[in-house]
Amino acid sequence: MKFFLDTADIAEIEEACSWGALSGVTTNPTLYSRVGGKLADFENHIARICEITDGPVSAETVSLQRDEIYAEGMKLAEIADNVVVKVPTMPEGLAATKMLRAQGVHVNMTLCFTVPQAILAARSGAAYVSPFVGRFDDITEDGISQLNDVVVALGNYDFGHDVEVIAASIRSAHHVTQAALMGADIATVPFGVLKQCVKHPLTDRGLESFLADWEKVKNS
Ligand code: E4P
């Protein structure tokens with residue numbers, strides 16, 4: 001499984017990239033607004049992220065009609081070779097995805113919650129499908145089991161092009177474990193969850209005792 005970082009925060013992306021295990025970045029309008037993003041800076045901001053990582057960087061469209069989504073997507077795709085256009089799962093989004101694919105633009109279909117939505121996204125030409133986990137949990141449904149259904153269902157078919165499942169709306173290292181065990185291609189995680197994934201109390205305790213014992217070696 002690959003790790004993407006789900007953030008628009010440049011410092012977080014730089015730090016995670018320096019760890020050497022990051023394969024891409026996903027952003028959305030909420031994440032951009034959270035870092036105080038301004039409309040006029042949006043393209044430069046995405047360009048900066050695309051310089052930090054050479055992996056896919058998802059930038060989301062906000063239009064609601066196919067022609068506008070398409071035009072917005074084509075503009076975003078011009079920012080850098082590694083831009084992936086993120087399009088919401090809806091009829092106009094499917095139509096725009098088909099048009100974008102015809103131009104060789106990779107689409108990440110987002111706000112995907114169900115198996116039929118995921119299959120339609122893949123059929124319309126999406127290169128990535130992003131089922132959301134945590135938002136199901138937020139409404140006391142089982143997001144991991146919904147994600148598993150999507151992974152299994154998409155694995156049943158050949159869509160004539162590569163389709164990768166991005167486990168999205170990830171809230172914990174436990175979500176990451178479950179996504180990896182079911183074979184999701186990618187998990188896109190907030191920086192806090194990525195940090196959680198590196199840590200374990202036994203690792204901390206083990207390091208502490210190795211260092212204490214090394215002090216004894218040095219003083220012997
Ligand atoms: C997916 O790409 C989205 O940006 C993201 O995972 C949404 O997660 P949230 O439910 O934590 O907002």
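That block above? That's the structure.
First, a word on scope: everything that follows refers to the structure included in this document. Every value quoted in this text rests on a predicted model; they were computed, and no experiment measured them. (Residues numbered from 1 in each chain as written. Predicted model: local features only at pLDDT ≥ 70, side-chain atom pairs only at ≥ 80, totals over all residues. Heavy atoms only, no water.)

### Here's the deal with the nonpolar core
Next up, step 1: In this structure, Leu-5, Val-129, Leu-147, Leu-154 and Val-189 are the most contacted members of the largest nonpolar core, which totals 53 residues.
Next up, step 2: A total of five residues in this core trace back to one element, the largest contributor, which is helix 8 (residues 143–155).
Next up, step 3: Once you skip the residues sitting within four places of it in the chain, Val-189 turns out to touch Phe-3, Phe-4, Leu-5, Asp-6, Ile-170, Val-176 and Leu-194. (Core = buried A, V, L, I, M, F, W, Y, C linked by side-chain atoms within 4.5 Å. Buried < 20%, exposed > 50% of the residue type's maximum accessible area, 1.4 Å probe, protein only. Helix = DSSP H or I, 4+ residues; strand = E, 2+ residues; numbered from the N terminus. Contact = heavy atoms within 4.5 Å.)

### Concerning the packing of aromatic side chains
Next up, step 1: Evaluation of the coordinates by the stated rule reveals six aromatic pairs.
Next up, step 2: Centre to centre, the rings of Trp-19 and Phe-191 are 5.7 Å apart; their planes meet at 40°, and the pair counts as tilted. Placement of the pair is Trp-19 in the loop between helix 1 (10–18) and strand 2 (22–26) and Phe-191 in helix 10 (residues 191–198), with a sequence separation of 172 residues.
Next up, step 3: Between Phe-113 and Phe-132, the aromatic rings sit 5.4 Å apart at their centres with planes inclined by 50°, giving tilted as the arrangement. Linking Phe-113 in the loop between strand 5 (107–112) and helix 6 (115–124) with Phe-132 in the loop between strand 6 (128–131) and helix 7 (134–138), this pair joins segments that are 19 residues apart in sequence.
Next up, step 4: Note on Phe-132: relative accessible area 10%, which makes it buried. (Phe/Tyr/Trp six-rings, centres within 6.5 Å; stacked < 30°, edge-to-face > 60°.)

### Digging into the site of the ligand
Next up, step 1: Taken together, the neighbourhood of the ligand is formed by Asp-6, Thr-26, Asn-28, Lys-86, Phe-132, Arg-135, Ala-168, Ser-169 and Arg-171.
Next up, step 2: Between the ligand and Asp-6 there is a distance of 2.7 Å, counted from an oxygen atom to a side-chain nitrogen or oxygen.
Next up, step 3: Within the contact set of the ligand, an oxygen atom lies 2.8 Å away from a side-chain nitrogen or oxygen of Asn-28.
Next up, step 4: About the coverage of the ligand: the protein hides 87% of its 340 Å² of free accessible area.
Next up, step 5: Tallied by class, the residues present in the shell around the ligand amount to two nonpolar, three polar and four charged. (Near = heavy atom within 4 Å. Polar contact = N/O pair within 3.5 Å; in protein donor to acceptor, adjacent residues only side chain to side chain. Areas by Shrake-Rupley, 256 points an atom, 1.4 Å probe, with all protein chains shown as cover. Nonpolar A, V, L, I, M, F, W, Y, C, P; charged D, E, K, R; others polar.)

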